[in-house]
Amino acid sequence: MATAAAASASEAEAESKAGPQAEGEEDEAKAARTRRKVLSRAVAAATYKTMGPGWDQQEEGVSESDGDEEYAMASSAESSPGEYEWEYDEEEEKNQLEIERLEEQLSINVYDYNCHVDLIRLLRLEGELAKVRTARQKMSEIFPLTEELWLEWLQDEVSMALDGLDRERVYDLFERAVQDYICPNIWLEYGQYSVGGIGQKGGLEKVRSVFERALSSVGLHMTKGLAIWEAYREFESAIVEAARPIAGFLSPFDREQTFDSQLEKVHSLFRRQLAIPLYDMEATFAEYEEWSEDPIPESVIQSYNKALQQLEKYKPYEEALLQAEAPRLAEYQAYIDFEMKVGDPARIQLIFERALVENCLVPDLWTRYSQYLDRQLKVKDLVLSVHSRAVRNCPWTVALWSRYLLAMERHGVDHRVISVTFEKALSAGFIQATDYVEIWQAYLDYLRRRVDFKQGFNESGDPSCLIMQNWARIEARLCNNMQKARELWDSIMTKGNAKYANMWLEYYNLERAHGDTQHCRKALHRAVQCTSDYPEHVCEVLLTMERTEGTLEDWDIAVQKTETRLARVNEQRLKAAEKEAALVQQEEEKAEQRKRARAEKKALRKKKKIRGADKHEADEDDEKEWGDDEEEQPSKRRRVENSVPPATGKVGLDLEEDTGPVDVEPPSKQKARAAAPKRDMPKVLHDSSKDGVTVFVSNLPYSLGAPEAALRPLFEACGDVVEIRPIFSNRGDFRGYCYVEFKEEAAALRALELDRKSVEGRPMFVSPCVDKSKHPDFKVFRYSTALEKHKLFVSGLPFSCTKEELEEICKAHGTVKDIRLVTNRAGKPKGLAYVEYENESQASQAVLKMDGMTIKENVIKVAISNPPQRRVPEKPEARKAPGGPLVPRQMYGARGKGRTQLSLLPRALQLPSAAGTQAENGPAPPPAGVTPAAEAPKMSNADFAKLLLRK
């Protein structure tokens, strides 16, 4: 019928083309759309007619009479298009507007089930095959499709399948269809369609596999399972009938392997079917008796009679379903209760699936089904499949999502899959806010069970309580629950964080933003008493707040508390400094003792060595008295590079004429003679008057083969080079330093900029040429050794940390002007760095944020740059007598001994410093005639205390 309708439509279309052409391109386009519309409707009408009684035409709004009318309309429209053209254009335009409205509605709410159904119906009516396929695909990803929707989709795809590749796509579509619901009609269509591919490779095995799966799924269906059994049996019987004509010509072995085995398959299907309670069992038994050439075995008859008895028990429930109207929920519930008492898992699963086909939107039915599978069967694939179908059918039910998460956790599903499912649940569109609380609670319970608290889980993972801090911010800012935020911060402080100033300042900032002044003041008063790392900073914050907001009484209380606290802190720091000084003195005394012991041992070894040498010389003198001829013969000596002729003045002696015994000197004399020429070697001449135009270059690689040739190109870029004088050892080895003389002093100053330039992997040191005998205090160190509040000292860096990586970390806290990584003489990093910021405030902020930070598994320390004073060797007469006052190794200012060197003392309590700032060492020598400042008088402990407590 479909072919005839399509042919009629094609003929009508051809006739319309042969007629007169419409006027204008627009008229031709309209006529083409009309012809396509008529053709698609004719094909659809024919398809409905060929579906047979299994297709519910009335539900889809199409009947045979409608098909006939549309077919007649198609013919009449093609014969006289002008009569109905306006009617089709109006209807098509109306459908297009409705399609656009439905697409827009779905873009807003993709879970609108009715919109999906209406859109598919209109697109199919318009003949938009590509669009209707896309619409069905989108709907199937969100909702399980009903039996009617699947059969309609499958019929369209089957009609368009042309080759083997299309057939595989149809097979995939059938597989998706049988997963949504257990539908006998879909399984029957699947089996019949697979029979059409029996001629392909593996086609026979494919057909049998489909039918066997169909029997496992719906073979127990008492009313519709019979069709699956009969279709499968007819297929196998057809194979038997095809093989019967050639069975007589086969050998007994081949006959047994082919015809008899195939005949046994049909017998097996009969026996299996008769053992199951199904409607019309009597007719099946009679058919078996007629078909079988042998008598029916007694065991088959017994199974058949038992199945008839079971059928009588099930008939009341089946008849109740047949008499009731859809969706028959109460009848299905009673049937389920009966099957649960019987306890057959396969029949229980089947009756649940039958009930869900008509009641797929009943959450309680899904809940009961999934609960039975979770507690009884516990088969992973089956359980997860039912849970997935449940949330797809009823996505608004939070209980189904919660049970789905529990089932996935119970069967060991990957965490990422569970997280994705949870995200889908959040976007499912629950009705009440409490539903979101419930799904969140289920997910949090799952996360809590994932944590193994017995495996050393403690607070070391979050010592600063960052999670609780974020929780407190959320309570204060989003929930307006400042009381809960304060309770959280009290818990944070009790976990060992009360001694840190930055924790109190975080709490204070939260109170300033969302609390009140009274709680701010209370927090700062507690911070003053508890903080031990930066009490000065906390005191300054308290005084600043009282200066701007407090009364006179509040100011007095704040000043009193800060002064008392800082006095106690300074006293503690002074005691710590004295203790450290005592320890330093003990270490120095121990070092001095070790040094004296080593000197004494060295002198003793030298004395023993001299005595042994004198004894050896005395023995030689005694031997020479007995040899008269030995004094007349010169002794042979080993020729050594840079050796000096003997004192006797005999030079160029022919060793071949010396046949007398060899006189070997003792080792002490040989070493002394070898050292003699080294002491007599002339030094490299240097004119001190040319120091202004000369630079001293050191730390050069010893492996530098031709130093002058290698260094000249570097220094000629600064100016005209007069001479490069490298220094060599007595053996001719380069000693790693040299003098470079220029014509002009300006060139020498420019050459100083080459300091630290890498030469063969080592940093080259370039410094001014200064006679240290005239200027003994001159030191070549171009960096400041005084306190620099805008510069940070960073230690503990990993050796692999580069300048760019450190700059990336530091620039988050301010503008970085310069970064210097400290290296040794070989150019290798020492794990230290200096970071220069634009101002003091940025440096202070960086200290608070970066101190204790972890970089590549290394915990770094950050402090304001304040290098310790270098100890100048004391003259023997200037050494302090034993028992003198203990002086700390480094004099700290009024701020005390803070490790990070932050100047955090409030301005109100700062005292003017008597000591002048230390001058920065520069590359130029100090001017002559300048005498050092008088040494400040030494202070006792009492003087220190008065200085620190002075207001």
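About the thresholds
- Residues numbered from 1 in each chain as written.
- Predicted model: local features only at pLDDT ≥ 70, side-chain atom pairs only at ≥ 80, totals over all residues.
- Heavy atoms only, no water.
- Helix = DSSP H or I, 4+ residues; strand = E, 2+ residues; numbered from the N terminus.
- Buried < 20%, exposed > 50% of the residue type's maximum accessible area, 1.4 Å probe, protein only.
- Contact = heavy atoms within 4.5 Å.
- Areas by Shrake-Rupley, 256 points an atom, 1.4 Å probe, with all protein chains shown as cover.
- Pairing = 2+ DSSP bridges.
- Axes fitted to C-alpha atoms, helices over the stretch in contact; angles between N-to-C directions.
- Salt bridge = Lys/Arg side-chain N within 4 Å of Asp/Glu carboxyl O.
- Patch = residues over 30% accessible without salt bridge, like charges linked within 9 Å, V, L, I, M, F, W, Y side chains within 5 Å.
- Lys, Arg positive; Asp, Glu negative; His and termini not counted.
- Charge placed at Lys NZ, Arg CZ, Asp CG, Glu CD.
- Expected span 1.5 Å × (residues − 1).
- Parallel < 35°, antiparallel > 145°, perpendicular 65-115°, else oblique.
- Left-handed = near helix turned anticlockwise from the far one by under 90°.
- Polar contact = N/O pair within 3.5 Å; in protein donor to acceptor, adjacent residues only side chain to side chain.
- Core = buried A, V, L, I, M, F, W, Y, C linked by side-chain atoms within 4.5 Å.
- Nonpolar A, V, L, I, M, F, W, Y, C, P; charged D, E, K, R; others polar.

In the annotation of an unreviewed UniProt entry, the entry for the chain reads Squamous cell carcinoma antigen recognized by T-cells 3 isoform X3, and the organism field reads Vicugna pacos.

### A short note on the overall build of the chain
Scanning the chain from terminus to terminus reveals 34 helices and 11 strands. Each of the 951 residues in the chain was classed as buried or not, and the buried ones make up 36%. A separation threshold of at least 6 residues defines the contact pool for the chain, and within that pool the share at least 24 residues apart is 63%. Taken as a whole, the chain presents about 57300 Å² of accessible surface, with 52% of it coming from carbon and sulfur.

### A few points about the pairing of strand β2 (residues 721-728)
When β2 meets strand β3 (residues 734-742), the two strands line up antiparallel, connected through six bridges. Counted as the bridge partner of Val 721 is Phe 742 from β3. The antiparallel hairpin formed by β2 and β3 contains five residues in its connecting segment, where Gly 732 sits at a positive phi of about 90°.

### What to know about the sheet that holds strand β8 (residues 829-837)
The strand order across the open sheet built from four strands is β7-β8-β6-β11, with neighbouring strands paired in antiparallel fashion. Each end of this open sheet is capped by a strand with a single partner; those strands are β7 (816-823) and β11 (861-865). Neighbour-to-neighbour, the strand axes of the sheet open up by a mean angle of 25°, direction not taken into account. Judged from the four bridges that link them, strand β6 (residues 788-795) and β8 form a sheet pairing that is antiparallel. When the sheet's bridge partners are listed, Lys 791 is paired in β8 with Glu 836. Contacting β7 and β8, helix α32 (residues 803-810) runs over the sheet at an angle of about 140° to β7.

### Considering the pairing of β3
In terms of burial, β3 is a largely internal element, seven of the nine residues being buried. Pairing of strand β1 (residues 694-698) with β3 involves four bridges; the strand directions are antiparallel. Looking across to β3, one finds that Val 697 is bridged to Cys 738.

### A few points about the pattern of salt bridges
Applying the stated rule across the entire model yields 41 salt bridges. Its salt-bridge partner being Arg 133, residue Glu 157 comes within 3.0 Å of it at the nearest N-O pair. Of this pair, Glu 157 sits in helix α8 (residues 147-160) while Arg 133 is found in helix α7 (residues 129-142), placing the two residues 24 residues apart along the sequence. Overall, Arg 133 belongs to the partly exposed group, its relative accessible area being 39%. A salt bridge links Glu 723 to Arg 725, with the shortest nitrogen-to-oxygen separation between them at 3.2 Å. You can call Glu 723 partly exposed: its relative accessible area is 35%. Taking the relative accessible area as the measure of exposure, Arg 725 reaches 10% and is therefore buried. Linked by salt bridges that have partners in common, Arg 124, Arg 136, Glu 152 and Asp 156 make up one network.

### A closer look at a nonpolar patch on the surface
A grouping of Leu 361, Trp 396 and Ile 431 is seen on the molecular surface, where their side chains present a nonpolar patch of about 330 Å² in accessible area. Here Ile 431 is to be found in the loop between α21 (415-426) and α22 (433-450).

### Some remarks on the environment of Glu 287
Positionally, Glu 287 belongs in helix α14 (residues 281-291). Residue Glu 287 is classed as partly exposed on the basis of its relative accessible area of 37%. Measuring from C-alpha to C-alpha, the distance between Glu 287 and Phe 270 comes to 9.2 Å, with 17 residues separating the pair along the chain. Glu 287 has contacts with Arg 233 and Phe 270, leaving out every residue within four places of it along the chain.

### Some details on a positive patch on the surface
On the surface, Lys 590, Arg 594, Lys 595 and Arg 598 cluster together to form a positively charged patch. Among the structural elements, Lys 595 can be located in helix α28 (residues 552-626). Exposure remark for Lys 595: the relative accessible area of 53% places this residue in the exposed category.

### Things to note about the sheet that holds β2
Ordered by their spatial adjacency, five strands build an open sheet running β2-β3-β1-β5-β4, and the pairing between neighbours is antiparallel. Looking at strand neighbours, the two that pair on one side only are β2 and β4 (757-759), the edges of this open sheet. Ignoring which end each strand starts from, the neighbouring axes of this sheet average 30° apart. Here three bridges tie β4 to strand β5 (residues 762-768), and the two strands are oriented antiparallel to one another. The partner of Lys 757 across the bridge, within β5, is Met 764. Strand contacts of helix α30 (residues 707-716): β1, β2, β3, β4 and β5, with the helix running at about 140° to β2, the strand carrying the most contacts.

### Structural notes on α8
The end-to-end C-alpha separation of α8 is 20 Å, in line with the 20 Å expected for 14 residues at 1.5 Å each. All of the buried residues along α8 are Glu 147, Leu 149, Trp 150, Leu 151, Glu 152, Trp 153, Leu 154, Asp 156 and Glu 157.

### Regarding the packing of helix α6 (residues 113-126) against α7
Between α6 and α7, the shortest axis-to-axis distance is 9 Å and the interhelical angle comes to 160°. In terms of orientation, α6 lies roughly antiparallel with respect to α7. Here α6 runs over α7; the crossing is left-handed. Taking contact as the criterion, the partners of Tyr 113, His 116, Val 117, Leu 119, Ile 120, Leu 123 and Arg 124 in α6 are, on α7, Lys 131, Val 132, Ala 135, Arg 136, Met 139 and Ile 142.

### Some points on α6
If you check α6, its first and last C-alpha atoms are 20 Å apart, about what 14 residues at 1.5 Å a residue would give, namely 20 Å. Turning to α6, its buried residues number three or more, namely Cys 115, His 116, Leu 119, Ile 120, Leu 122, Leu 123 and Glu 126. Between the side-chain oxygen of the N-cap and the backbone nitrogen of Asn 114 there are 3.4 Å, and the N-cap of α6 in question is Asp 112. In the stretch just after α6, Gly 127 is the one whose phi turns positive, near 75°.

### Some words on unusual backbone geometry
In this model, Ala 326 is joined to Pro 327 through a cis peptide bond whose omega is 10°. By the element assignment, Pro 327 lies in the loop between α15 (298-323) and α16 (329-342). One non-glycine residue, Asn 480, adopts positive backbone phi at about 55°. Locating Asn 480 in the fold gives a position in the loop between α23 (466-477) and α24 (482-497).

### Concerning the nonpolar core
In this structure, Ile 186, Trp 187, Trp 401 and Ile 439 are the most contacted members of the largest nonpolar core, which totals 102 residues. A total of seven residues in this core trace back to one element, the largest contributor, which is helix α20 (residues 398-410). Leave out the neighbours within four places in its chain, and Trp 401 touches Val 391, Pro 395, Thr 421, Lys 424, Ala 425, Ala 428, Phe 430 and Ile 439. Of all hydrophobic cores here, the second largest spans 51 residues; its members include Ala 523, Met 545, Ala 558 and Ile 860.

### Focus: the packing of helix α17 (residues 345-358) against helix α18 (residues 363-377)
Across the interface, α17 lies against α18 with an axial gap of 10 Å and an inter-helix angle of 160°. Considering their axes alone, α17 and α18 lie roughly antiparallel with respect to each other. Crossing of α17 against α18: the hand is left-handed. Of α18, the residues touching α17 (which contributes Pro 345, Ile 348, Gln 349, Phe 352, Glu 353, Ala 355 and Leu 356) are Leu 365, Trp 366, Arg 368, Tyr 369, Tyr 372 and Leu 377. Among the residues forming the contact of α17 with α18, the class breakdown is 10 nonpolar, one polar and two charged.

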